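Breakdown of the fold
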Amino acid sequence: MSAWRLVDEGAAPEPEAAARPEGPRTNGRRLLVVAAAVLLTLVGAGGLAAAGTGMFAERPDGCVKPDRSLQLYAVELPKDGTQVRLGYGLTPQTASYPGPTMEMMEGECLAITLHNQVSAETLAALRTDPAHPLGVSLHVHGVKYTQQSDGTIHSGSYVPPGQSRTYTWYAATRNNKSGSQGTAGYWWYHDHVVGGTHGTQGLSAGLFGGLVVRRPGDPKPDRTYVTAFGDRQSINLRRGDAADTCAPVNPQPGPTCLVARKGERVEFIVIGIGNDMHTFHLHGHSWADTRTGVVGNGQPFADTVPIIDNKTLGPGDSFGLQVVAGDGVGPGHWMLHCHMQFHSDAGMATTLHVLDEKGNMPPGMGHQHGTASTARAANSASTDSSEHRHN
Amino acid sequence: MSAWRLVDEGAAPEPEAAARPEGPRTNGRRLLVVAAAVLLTLVGAGGLAAAGTGMFAERPDGCVKPDRSLQLYAVELPKDGTQVRLGYGLTPQTASYPGPTMEMMEGECLAITLHNQVSAETLAALRTDPAHPLGVSLHVHGVKYTQQSDGTIHSGSYVPPGQSRTYTWYAATRNNKSGSQGTAGYWWYHDHVVGGTHGTQGLSAGLFGGLVVRRPGDPKPDRTYVTAFGDRQSINLRRGDAADTCAPVNPQPGPTCLVARKGERVEFIVIGIGNDMHTFHLHGHSWADTRTGVVGNGQPFADTVPIIDNKTLGPGDSFGLQVVAGDGVGPGHWMLHCHMQFHSDAGMATTLHVLDEKGNMPPGMGHQHGTASTARAANSASTDSSEHRHN
Amino acid sequence: MSAWRLVDEGAAPEPEAAARPEGPRTNGRRLLVVAAAVLLTLVGAGGLAAAGTGMFAERPDGCVKPDRSLQLYAVELPKDGTQVRLGYGLTPQTASYPGPTMEMMEGECLAITLHNQVSAETLAALRTDPAHPLGVSLHVHGVKYTQQSDGTIHSGSYVPPGQSRTYTWYAATRNNKSGSQGTAGYWWYHDHVVGGTHGTQGLSAGLFGGLVVRRPGDPKPDRTYVTAFGDRQSINLRRGDAADTCAPVNPQPGPTCLVARKGERVEFIVIGIGNDMHTFHLHGHSWADTRTGVVGNGQPFADTVPIIDNKTLGPGDSFGLQVVAGDGVGPGHWMLHCHMQFHSDAGMATTLHVLDEKGNMPPGMGHQHGTASTARAANSASTDSSEHRHN
């Protein structure tokens, strides 16, 4: 029974004649609302068990059977102050924000089973509308999926607390004959249901991660970092000192420690989340404004492509780029920040630490730190280390 | 008599010596203001009748004679609450916001006669400066026009109430020899004078529409929808339920009903209006970030072009894209929303309803609606239908 | 002595064991802060004299010796109301905001000696943190430089009052073999230290300018204008009448007088500064969204490139474009404004005055001005000239 059909398909009662709530704006009122109410009566509680496994295809065209499958866990992480933090992880123990960076090749079909380990209590606390369903979902950009894997409320493709659901992503290939454009690119995935219809609370709690789809022949990076620009002037939900936790000795790459040796190919997946506009700026390095951030080798169009070192992004946008760390410019603490001045001033900044080829930072670095510290010490009676930032 | 000429052209009295009003910012004061006052004396009231048909060319180069002409009416529409609504229409009876979507081929010259049927009273109410002229105009992006068709106050190219004026647009072709770039693209047109020098009140009342200029060989869509992202979290000046008025049975395409059968080529003209930044995101579909939203067939640069499903746009921006509805992903209610979370949460969302090839929505859809409604009904004592949104 | 080394490089005391200040956010606290403090002790005040000339390379790879050198002065300009104004100049007498437009060819290495003539008193007044060092710097986008020329506090590459420092910029060439992308493009330079770590106060006071790096074969403009879109709805820090100071007779090109004869190739370097998003819109002209704003001659990809007349930019962004003044559309007062309506309404607008080939503005222009003025005069009892704007 479909609420959507052409008139020649049957003689459904005209829903417009049904109970029509009077609102202040009657013109544009959504007729589907009424249709849904009618259906509710027809379907009843019994029919709801089948919700989400109905008549929509489970898998996108081209994916007969997933090539690979993985388990993904949505878990609650320790609060950041009073902020609830949630994360996706390949295991519950390794959940983090951003979640694990996914990598696919064009042509690959991936089945991801999401296990919702976030408590109903936490999810309930994140919603303002008590009627909003409790659950976590997986909505992905760029690759192909059916309504069954949309990760939205209206399609029923979300996961109640304690339950699991398998999402199928297909990294469709380019098809010059059909005009299909392929899905290689820098994308992201995120919750779309926590707290409200758009998953705003899930996103701001940490339920997001990067996805890169590669095409055969694409350059392969030595290191990949995800940098998500978000509200409250945050990079990966942290700001200021918290956005750079590199240990000075033997720094380990991680979501808040961007480090590379000179000559390594470093890939950034840049994501906009939240409500604000930002600009991604990296000192000392530039990239091509193309699909991969790299220009073709000697093609005439390479001359046409802008080379940039600052790129505007809004919520939902994602792009990627690859730079050769320190190429031509040497090692150093290369700032990476939002160029909106009040954002960077408020701590929306971190650093790409480029070591030399042997993994050392040249001595000058310490001196520079010393300079800044001295200036502070010399001029300020009370040096508050917690405010000391060197970027 | 020109206020603009090189000194060797004549011995005009130095306007700077004329009455020079003292303002708080004398440095940057605009000398042209004085020149205009001087001219006013010379020209007098008698000369003003000729204003707007003066010495600037009526038609852009390349347009000897318009290939086509049409009538456009600016009319007042029923208020939306207390908001004045104006619209352009090919007839007064069919005026709407957005206005009619214009389509041109490169090489074509179009004459549009604008009839201003908006009352002086309404136009006066929309201005804050009682000295601002009353009128409606037509300013267009992308195609070629002279100052006579600029649609601005200073050029006199606007239409007082009850009057008419013909605007000439030329969709100039690409010329590889001269370097002229052609005008094929996704553009828009709008008023530039209602309420103030930039037409802000005209725009926010509804005086805008989409324009597509095609180049021979461009892909042709089965359906074209205009989606204008504007202030107050609106799509086409509506938001929430009002942004999707599709009837559940035999839905008819329109400014607030985006519907297509699977396999149809759907074209979106996306326009930014107002004061805010937005991002256009469509679920389940992606497109190339190129002139047409489609990549060339097998050209090497096709590999360079980013494929995207989310694009930032600011006021004045316009772009277009074509997707094959449901391609690879099947039918369904595919959300189209601003990805700024507080925008989407406030109702800046609508849906591309993709029916199957026969024009049906698969049964699963109703179930999903049922699910959402049940959850609400089960948890909420007072179900307020007017708040029920399924996207 | 390096604070950054791999564990196998030596046995530095683990800084984490050192005095660790307790702050409200201990998780993400930056360990480098501690390292810097430790180093400070080791280096001592004596070592600081060498700061900024340490172990980082002075010049980027490819620049054995600068091809050219120039002197740049940072000076204090007359205040704009209560606003401090600073400017860069090739001489102290010609300092302005924006600063001098720099032009380089790919392959060129440029040494710029910056002389800081801004008083310590002024610099001190611009900072809120009394521990912040006093100085002015030069940070550049797009071209190559080492940490010695980064223009940042942490690298020590800034100039205290009364001192000088040489910055080296290398406009690296494209190298199809290595994949190096070249640096041709539209860039900008700015202070990065005045008032705070991101130079926010230096920027908003006027310490910025445009840079264009050309590639052999690039089209050469007849005129180049820099338009910086900034806070308070400003173009080049001016707004409203102050953004267009063209004299009506024999107008001279300058930062606030954009003028050209029909047929001249006009280049715009467009820069985003400050905190806000803007959109650059030019009436009557359009350009290609490519590296140069021009499309290749007959290349197949030329068909793929979007042609635009409105472009969003955020802080830190820069792009360039070339248009042939009045091409196809004739002379006139072509508005150039931000298309965010409340920005343009608040004065974020100026004009590209296109004269005819002989340097005259056709007579119609005066008439139009007359029209607007008359309307005002007719409707307004008290005509306040200081509010009269014709764009």
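One can find the structure itself at the top, above this paragraph.
All values reported here derive from a predicted model rather than from experimental measurement.

The rules we used
- Residues numbered from 1 in each chain as written.
- Chains lettered and ligands numbered in written order.
- Predicted model: local features only at pLDDT ≥ 70, side-chain atom pairs only at ≥ 80, totals over all residues.
- Heavy atoms only, no water.
- Buried < 20%, exposed > 50% of the residue type's maximum accessible area, 1.4 Å probe, protein only.
- Helix = DSSP H or I, 4+ residues; strand = E, 2+ residues; numbered from the N terminus.
- Pairing = 2+ DSSP bridges.
- Core = buried A, V, L, I, M, F, W, Y, C linked by side-chain atoms within 4.5 Å.
- Contact = heavy atoms within 4.5 Å.
- Polar contact = N/O pair within 3.5 Å; in protein donor to acceptor, adjacent residues only side chain to side chain.
- Axes fitted to C-alpha atoms, helices over the stretch in contact; angles between N-to-C directions.
- Disulfide = S-S within 2.5 Å.
- 1 Å grid on protein atoms, 1.4 Å probe; cavity = no way out; pocket = protein on both sides within 12 Å on 5 of 7 lines; lining within 4 Å.
- Points joined across faces, edges and corners; volume = space filled by probe spheres on them.
- Phe/Tyr/Trp six-rings, centres within 6.5 Å; stacked < 30°, edge-to-face > 60°.
- Lys NZ or Arg CZ within 6 Å of the ring centre and 35° of its normal.

1. Some details on the pairing of strand E21 (residues 349-355) of chain B
Residues and elements named next belong to chain B. Most of E21 sits inside the fold, with 7 of its 7 residues counted as buried. In E21, alternate side chains face the same way, and those of Ala 349, Thr 351, His 353 and Leu 355 on one face and Thr 350, Leu 352 and Val 354 on the other are all buried. Of the pairings in the sheet, the one linking strand E13 (residues 258-261) to E21 comprises 4 bridges and is parallel in character. Each bridged residue has a counterpart across the sheet, and for Leu 258 the counterpart in E21 is Leu 352. Across 6 bridges, the pairing between strand E20 (residues 332-338) and E21 is antiparallel. Paired with Leu 336 across the strands is Thr 350, a residue of E21.

2. Observations regarding the sheet that holds strand E12 (residues 234-235) of chain C
Across a sheet, strands are paired by hydrogen bonds formed along the backbone, either parallel or antiparallel in direction. Residues and elements named next belong to chain C. On the basis of which strands lie adjacent, the open sheet formed by 4 strands has the order E12-E11-E14-E19 and mixed pairing. Every interior strand has two partners, whereas the edge strands, E12 and strand E19 (318-324), have only one. Where strand E11 (residues 223-230) meets strand E14 (residues 265-272), 7 bridges bridge the pair, whose relative direction is parallel. Each residue of the ladder has a partner; that of Phe 229, found in E14, is Gly 272.

3. Notes on the nonpolar core
By size, the foremost hydrophobic cluster in this structure holds 204 residues, and its most contacted members are Trp 169 and Phe 268 of chain A, Trp 169 and Phe 268 of chain B together with Trp 169 and Phe 268 of chain C. Here Trp 169 of chain A is in contact with Met 102, Met 104, Glu 108, Cys 109, Leu 110, Ile 112, Leu 138, Val 140, Val 143, Lys 144, Tyr 189 and Leu 211 of chain A, once residues within four sequence places are set aside.

4. Considering the side chain of Thr 290 of chain C
Tracing the chain through its elements places Thr 290 of chain C in the loop between strand E16 (287-288) and strand E17 (307-308). Of note is the side chain of Thr 290 of chain C, whose polar atom sits 3.1 Å from the backbone nitrogen of Gly 293 of chain C. Apart from residues lying up to four places away in sequence, Thr 290 of chain C is in contact with Thr 304 and Pro 306 of chain A together with Val 295 and Val 305 of chain C.

5. Observations concerning the sheet that holds strand E21 (residues 349-355) of chain A
Residues and elements named next belong to chain A. Here we have 5 strands laid out as an open sheet, ordered E13-E21-E20-E15-E18, and mixed in their pairing. The two strands at the open ends of the sheet, each matched to only one other strand, are strand E13 (258-261) and strand E18 (310-313). Neighbour to neighbour, the strand axes of the sheet diverge by 20 degrees on average, direction disregarded. Relative to strand E20 (residues 332-338), strand E15 (residues 278-282) is paired through 3 bridges, and the arrangement is antiparallel. Residue pairing in the sheet places His 281 in a bridge with His 337 of E20.

6. Describing unusual backbone geometry
Here the residue pair Tyr 97 of chain B and Pro 98 of chain B is connected by a cis peptide bond, since its omega of -10 degrees sits within 30 degrees of zero. As for its position among the elements, Pro 98 of chain B is in the loop between strand E2 (83-89) and strand E3 (102-105). At Arg 232 of chain B, a position not held by glycine, the phi torsion is positive, near 55 degrees. Structurally, Arg 232 of chain B is set in the loop between strand E11 (223-230) and strand E12 (234-235). Here Asn 250 of chain C, not a glycine, exhibits a phi torsion of approximately 50 degrees, which is positive. Turning to its location among the elements, Asn 250 of chain C is positioned in the loop between E12 and strand E13 (258-261).

7. Regarding the state of the cysteines
Residue and element names in this part refer to chain A. On inspection of all chains with the given rule, the structure shows 6 disulfides over all chains. In this model, Cys 63 is linked to Cys 109 through a disulfide, with the two sulfur atoms separated by 2.0 Å. The sign of the -75 degrees torsion about the S-S bond sets the Cys 63-Cys 109 disulfide as left-handed. Taken together, the residues span a long stretch of sequence, with Cys 63 in the loop between helix H1 (31-47) and strand E1 (68-80) and Cys 109 in strand E4 (residues 109-116) at a distance of 46 residues. On the accessibility criterion, Cys 109 (1% relative accessible area) is buried. Disulfide pairing places Cys 246 opposite Cys 257 at an S-S distance of 2.0 Å. Sign of the S-S torsion, about 105 degrees for the bond between Cys 246 and Cys 257, identifies this disulfide as right-handed.

8. Regarding empty space enclosed by the protein
Summary: where empty space remains is shown by rolling a probe the size of a single water molecule over the atoms. All names here are of chain B. Inspection of every chain in the model, using the stated rule, returns 13 cavities of 30 Å³ or more. Quantified by volume, the second largest cavity comes out at close to 60 Å³. In this structure, the second largest cavity is lined by Gly 185, Tyr 186, Val 212, Val 213, Arg 214, Asp 218, Pro 219, Arg 291, Thr 292 and Gln 322. Residue assignment for the lining of the second largest cavity shows that the elements contributing at least two residues are strand E9 (185-190) and strand E10 (208-214).

9. A few points about the packing of aromatic side chains
According to the stated counting rule, one finds 24 aromatic pairs over all chains in the structure shown. Centre to centre, the rings of Tyr 88 of chain A and Tyr 189 of chain A are 5.4 Å apart; their planes meet at 55 degrees, and the pair counts as tilted. Of this pair, Tyr 88 of chain A sits in strand E2 (residues 83-89) while Tyr 189 of chain A sits in strand E9 (residues 185-190); the two residues are 101 residues apart in sequence, bridging distant segments of the chain. Like Tyr 88 of chain A, the residue Tyr 189 of chain A is buried in the burial classification. Ring plane angle 75 degrees and centroid distance 5.5 Å describe the contact between Phe 280 of chain B and Trp 287 of chain B, whose orientation is recorded as edge-to-face. Across this residue pair, the class does not change: Phe 280 of chain B and Trp 287 of chain B are buried. Through successive ring pairs, a cluster of aromatic residues spans Tyr 225, Phe 229, Phe 268, Phe 280, Trp 287 and Phe 319 of chain A. Seen from the ring of Tyr 167 of chain C, Arg 165 of chain C lies directly overhead, with NZ or CZ sitting 5.9 Å from the centre.

Geometric descriptors of this kind do not, in isolation, establish any biological role.
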